[in-house]
Amino acid sequence: MLRATLKSLLGRKLRLVLSGLAVVLGVMFVAGAFVVTDTLGRSFDSLFADGFSQTDVAVEAKPKIAVSEAEGEQVATPLPASIIQQISGTTGVESATGIVNADGARVIGSDGKVLTSYGPPRIGQNWVGEDALLQLREGRGPDKNDEIAVNAAVAKAAGIHLGDRVGVLTLEPKKTFTLVGIWGYSGNRDSIGGLQEVAFTTPVAQQLMIGEKNAFTMINVKVKDGETPEAVRDRIATAVGDNYQVRTGKQLAADSSKELKEGLSFFNKILLGFAGVALFVGVFLILNTFSIIVAQRTRELALMRALGASRRQMIGSVLLEAIIIGLVAAALGLAAGVGVGALLGFLFVQLSGGGFALAPLAVPMSAILSSLIVGVVVTVVAAVMPALRASRIAPVAAMQDVATPDRPLTRVSVAGALVGAAGATLLGVGLYATSSLILTLSGILITFIGVALLTPLLSKPVVALLGRLFAWSVPGRLGRLNSGRNPRRTAITAAALMVGIALVTGVTVVMNSAKTSLSAQAEDTIKAQIVINGDQNSPRPPSFDPAVLRQASGITGVRAVAGLWNDQAVVNGKRTYVHATEDLAQLSEAFGGPALARLKPDQIAVSTQEATDRHWQVGSTLDVQLSRGDPEKLTIAATYDEDTMPGSYFLPAAATKEFSVPQPVFGFVRLTDGTPVAQALPQVKALLVDSPEVSAEDRTAFIEGQASTFDTVITMVQVLLALAILIAVLGVVNTLALSVLERTRELGLLRAVGLGRAQTMRMVTVEAVVISVFGALLGVAVGAGLGAAVVRALNGEGITDLVLPWTNMGLYLVLAAVVGVLAAVLPSIKAARLNVLAAIAHD
C-alpha cells in the first residue's frame, strides 16, 4: 500500500506541486516572521550591549509616567546635580559623571529642512569627552555655549561641515550654533543604531533638553578595580533610596532591548495574521485538489479495495500523500521564509538610516517547528474529507466507467446555514456586546466557513446567470455549462478567492466610512480656515515657536488664533491624553464651539462625556500628573461637548512647561467673514520660517492630509492580502488543469466534431472567468456585509456614515475577470493541444 501511495504521488507531480505551493507561500510568511523577529531581537541585544559598554552602573530617576516603546516617548525625570556627590562617596565607586541624554534635538540641514527620522530618536546630550566607544574624527568637543558637535551620520545627512552655523530645534525654538566637532564610533561607524546625536556644553544641554539647570537624566558610574558592578549597584541603591532606578550596564542594555522587542512583537503578529489568512485560503485549494484526484481515481481506488485494501488503509493512503506534500512544502516554505526574513531585516536597516548593524541571519527553532507543524496540519486537515470519501468507494465501482457522482447539497447547505448563523452571532457579540477582538476575529473566520459551505447552493443560479454573458457563442455556452456542472468544485475554487477579496472589501468599507465620517466631523467642527501642523514621522510630534501665534493674531483679517499642545498624563490614576491651549476662549472661537473662558493655572476643562463616565462635575478636584514636575490638583472649571472641541481634557497654558513637548503642535487661525484665505495664508507661512518642521495650509488640505492615513492602511492591507489572492488564483489554475485532464476524452470528442483549437481555448477561458467573477462577487458581497457590521458597531466612536466603495468593488470584479483569463492560459493551451485520437481513446 505504501508503494502504491508513493507511485500515485509521483504520478501526479504537477497537480500536487500547485497544491503544495499554497502551503509554501503561507509557511513562508510564518517562517519569515519568526526569522526576522529573532534576527532583529539579537541585533537589538548587540546594539544596546555596545551602547552601554562604557557603563558599569547607571542611576536614573523613576519616570513620572511610565510609557512603553510602542506607546510613545518616555520622558526622563531629571536628577539633581547634588546626587553626584552622594554617589561618588559610595564604596566601590571610582567616578560618577552626570549625563544629559534626551530625545528631541532636531538638526536643520544645509537645505533648510529638518532631518527626519523613521524610528531612531534624535538625541541631544552634553559633551563629556571621548572614550573607547566614542572617537572624534574632526575638530573638538564644544566648550562654549554657542558650539555643538554631531555624530558623523548627522553631518553627512545634513550636509554640514566644521565651522558651519547650524540651527537646532529643542524644547525651545530654533537656536543657531557653530559646529566645532564631528565624532564617530569604534569600528568606523557613523552612529549606533541610526541615532542622530547633537552634543552641547552641559549647561546648554540641561537648558534645552530637560528644561532645568543643574540636573541630569542619568549618572554614569565607573566602579573601582576589584569591585563588581552588581555589588556597587546594590550599595548605591541603598544610598539613594526608592525614588531612583539603579541598574548595571548589562541590565540597562537588556531592559532597553526588551522594550524594542515588545514593539517588534506587534509587527510579528501582523505577519502571522496575514500568513494565517493565506493558509486558510490554501486549505480550499488543497481540499479541491484532493477531492478531484479522488474522483478521478475512483476505478483505481475501487480496484485496490477489491484486492483487499481496507477502509483504514485507503484513508491512510490519502493522508500519507498529504503528509508528504505538507513536509516538502514546509521545508520549501521555511527556506523561502529565511529569504523573506533576510529581506525584511535589510529593509529595517535601510529605514533606520543605515546605522543599524544586523545580527547574522539564523533560523530559530520556533521557525522550524512552526513551519513543519503548520505545513503538515494544513494539508492533513484539508485532505481529511477527500480521504473519508476515498474510503467509502465500493469495490464494485471498479467495473463502472464513471467517476463518483456529485452528492445532494442538502446536508452541506444546512451545515452552512448553521455555521454561518453561529459566526454571525459570535461576530455580533464581539462587536456590540464585549468589544472583544478575539470574538470578532473568530466570528469572521466562522462566517467565512459558513459562506463557503453555502457556496455550492449559490453557485448553480449565480454561475448560470454569469455564464449568460458569454453564451452568445458555442465556446461560451460550453464554458458556462462546464463551470456549473460540478457545484462543489466550483464553490471551493470560488470560496478561496472570496476570502481574500472579502477581507480587502471589508477593510475598504470600514476605512472609507471612517474617512468620510471623520472628515465630515472635522469640516463641521473646525471653523478655522488655516491650520499650522507638520507630518509626524517619529515618536516626537513636530512643533513650532508659540510666538508665531501672537504674531499671527496681528495679521489683518484674523478673527481668532489658538495653539494646541498635547501630551500624556495620569488623571485620577488613569493614563490618558490631554490638551492645553493659551486661551480656551480663542480655541473655542477657532472651532466654533461654546463660549469658554480662559483657564486659570489651577483649573481644567473636561468633556461632558468624560465627566459623565467618571462621575465628575464642575467644581470636582482632579489629581493630574504630567510628564514632568510634581502632581497637581486642578479644579474642573467648565465642561464641553466632545463634538465641538478636540479631546477630553484641556489644561491651562501654564501646564505646558511640564509637557514632554512644551511647544504647540497645532495652530488654528480663523479669519473674519469676507477675508480670503489666499490673502492671509502666505503671511502665516512667512511667520514659520524658523519653524521648518511645520507648515500652514488651508482647512481642506489639512483635513485631506489627516484622512490620507486611511488610504495608507487600505493600500497596506491590499498588498499583504495579495498573497492570499495569489493562492486563490493558483486554485483556479489547479482546478482547470485537473478538469482538463478529467475531461480528456470529452475534449477529444468535441474536437472530433468540429470544435477548433481557438474555440477550445475560449471555452476553458470562459469557465475560468465565470468561476473567478463568481468568487469575486461573493467576496464583494460578504466583505461589504462584514464592513457594514463593523461600521454599525463603531457608530458610538463617531463613524456614522456607511460608505460602500463602488469603484473599488467594480474594479475587484474586473480584476477577477482578468485573473480568470490569466489563470486559463496554461490549462487552455493544454486542452487545445490534445491529440484528438489519443484523447478519444483515453480511459
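Use the structure listed above.
Cut-offs and rules
Residues numbered from 1 in each chain as written. Predicted model: local features only at pLDDT ≥ 70, side-chain atom pairs only at ≥ 80, totals over all residues. Heavy atoms only, no water. Helix = DSSP H or I, 4+ residues; strand = E, 2+ residues; numbered from the N terminus. Buried < 20%, exposed > 50% of the residue type's maximum accessible area, 1.4 Å probe, protein only. Contact = heavy atoms within 4.5 Å. Areas by Shrake-Rupley, 256 points an atom, 1.4 Å probe, with all protein chains shown as cover. Core = buried A, V, L, I, M, F, W, Y, C linked by side-chain atoms within 4.5 Å. Pairing = 2+ DSSP bridges. Axes fitted to C-alpha atoms, helices over the stretch in contact; angles between N-to-C directions. Lys, Arg positive; Asp, Glu negative; His and termini not counted. Salt bridge = Lys/Arg side-chain N within 4 Å of Asp/Glu carboxyl O. Polar contact = N/O pair within 3.5 Å; in protein donor to acceptor, adjacent residues only side chain to side chain. Parallel < 35°, antiparallel > 145°, perpendicular 65-115°, else oblique. Left-handed = near helix turned anticlockwise from the far one by under 90°. Nonpolar A, V, L, I, M, F, W, Y, C, P; charged D, E, K, R; others polar. Patch = residues over 30% accessible without salt bridge, like charges linked within 9 Å, V, L, I, M, F, W, Y side chains within 5 Å. Charge placed at Lys NZ, Arg CZ, Asp CG, Glu CD.

Draft legend 1. Here's a closer look at the overall build of the protein. Helix and strand counts for the protein come out as 24 helices and 23 strands. For the protein, the proportion of its 843 residues judged to be buried stands at 50%. In the protein, of all internal contacts separated by at least 6 residues, the share reaching a separation of at least 24 is 82%. For the protein, the exposed area adds up to about 36900 Å²; of that, 61% sits on carbon and sulfur atoms.

Draft legend 2. Fine view of the nonpolar core. By size, the foremost hydrophobic cluster in this structure holds 90 residues, and its most contacted members are Phe 284, Phe 448, Met 498 and Val 499. The contacts of Met 498, once residues within four sequence positions are left out, are Phe 448, Val 451, Ala 452, Gly 775, Leu 778, Gly 779 and Val 782. By size, the runner-up hydrophobic cluster in this structure holds 40 residues, among which are Val 166, Phe 177, Ile 182 and Val 223.

Draft legend 3. A look at the environment of Val 578. Relative to the assigned elements, Val 578 resides in strand β17 (residues 574–580). For Val 578 and Pro 646, which are 68 residues apart along the polypeptide, the C-alpha to C-alpha distance reads 9.8 Å. Setting aside its immediate chain neighbours within four residues, Val 578 contacts Trp 565, Asn 566, Asp 567, Ala 569, Val 571, Leu 626, Tyr 649, Leu 651 and Phe 659.

Draft legend 4. Examining the sheet that holds strand β14 (residues 244–248) more closely. In space, the four strands of this open sheet follow the order β3-β13-β1-β14, with antiparallel pairing throughout. In this open sheet, the two edge strands, each paired with only one partner strand, are β3 (93–99) and β14. Sheet twist, expressed as the mean angle between neighbouring strand axes with direction ignored, is 20°. The pairing of strand β1 (residues 57–61) with strand β13 (residues 218–223) spans three bridges and is classified as antiparallel. Each residue of the ladder has a partner; that of Ala 58, found in β13, is Asn 220.

Draft legend 5. Representation of the side chain of Asp 103 within the structure. Here Asp 103 is to be found in strand β4 (residues 101–103). It turns out Asp 103 is buried and unbridged, and the closest side chain with the opposite charge, Arg 122, is 5.2 Å from it. Of the polar contacts made by the side chain of Asp 103, one reaches the backbone nitrogen of Arg 122; its length is 2.9 Å.

Draft legend 6. Just the packing of helix α12 (residues 437–467) against helix α14 (residues 487–525), in detail. It is at 8 Å that the axes of α12 and α14 come closest, and there the two elements cross at 120°. Of the possible angle classes, the one that applies to α12 and α14 is oblique. Classified by chirality, the crossing of α14 by α12 is right-handed. Each of Phe 448, Val 451, Ala 452, Thr 455, Pro 456, Ser 459, Lys 460 and Val 463 in α12 lies in contact with α14, whose residues at this interface are Pro 487, Arg 488, Thr 490, Ala 491, Ala 495, Met 498, Val 499, Ala 502 and Leu 503. Here the residues of the contact of α12 with α14 sort into 12 nonpolar, three polar and two charged.

Draft legend 7. Up close: the packing of helix α21 (residues 757–793) against helix α23 (residues 825–832). α23 packs onto α21 with a crossing angle of 145° between their chain directions and a minimal axis gap of 8 Å. Note on packing geometry: the crossing formed by α21 with α23 is right-handed. Residues Arg 757, Thr 760, Met 761, Val 764 and Thr 765 of α21 pack against Pro 827, Ser 828, Ile 829, Ala 831 and Ala 832 of α23. Each residue belonging to the contact of α21 with α23 can be placed in one class, and the counts come to six nonpolar, three polar and one charged.

Draft legend 8. Unusual backbone geometry, seen in detail. In this structure, Asn 214 is a non-glycine residue whose phi angle is positive, near 50°. Take Asn 214: it is sitting in the loop between α5 (202–210) and β12 (215–216). Residue Asn 214 is classed as exposed on the basis of its relative accessible area, which comes to 57%.

Draft legend 9. Here's a closer look at a nonpolar patch on the surface. A cluster of nonpolar side chains, namely Leu 811, Val 814, Leu 815, Val 818, Leu 822, Val 825 and Leu 826, defines an oily patch on the protein surface of about 650 Å² accessible area. Of all the secondary structure elements, the ones that give two or more residues to the nonpolar patch are α22 (806–823) and α23. Considering each element in turn, the nonpolar patch owes the most residues, five residues, to α22. Tracing the backbone through its elements, the reader meets Leu 815 in helix α22.

Draft legend 10. Molecular detail of a negative patch on the surface. Among the surface-exposed residues, Asp 613, Asp 641, Glu 642 and Asp 643 lie close enough to one another that they form a single negatively charged patch. With respect to the element layout, Glu 642 can be found in the loop between β20 (632–640) and β21 (649–651).

Any link to function would need more than the numbers given here.
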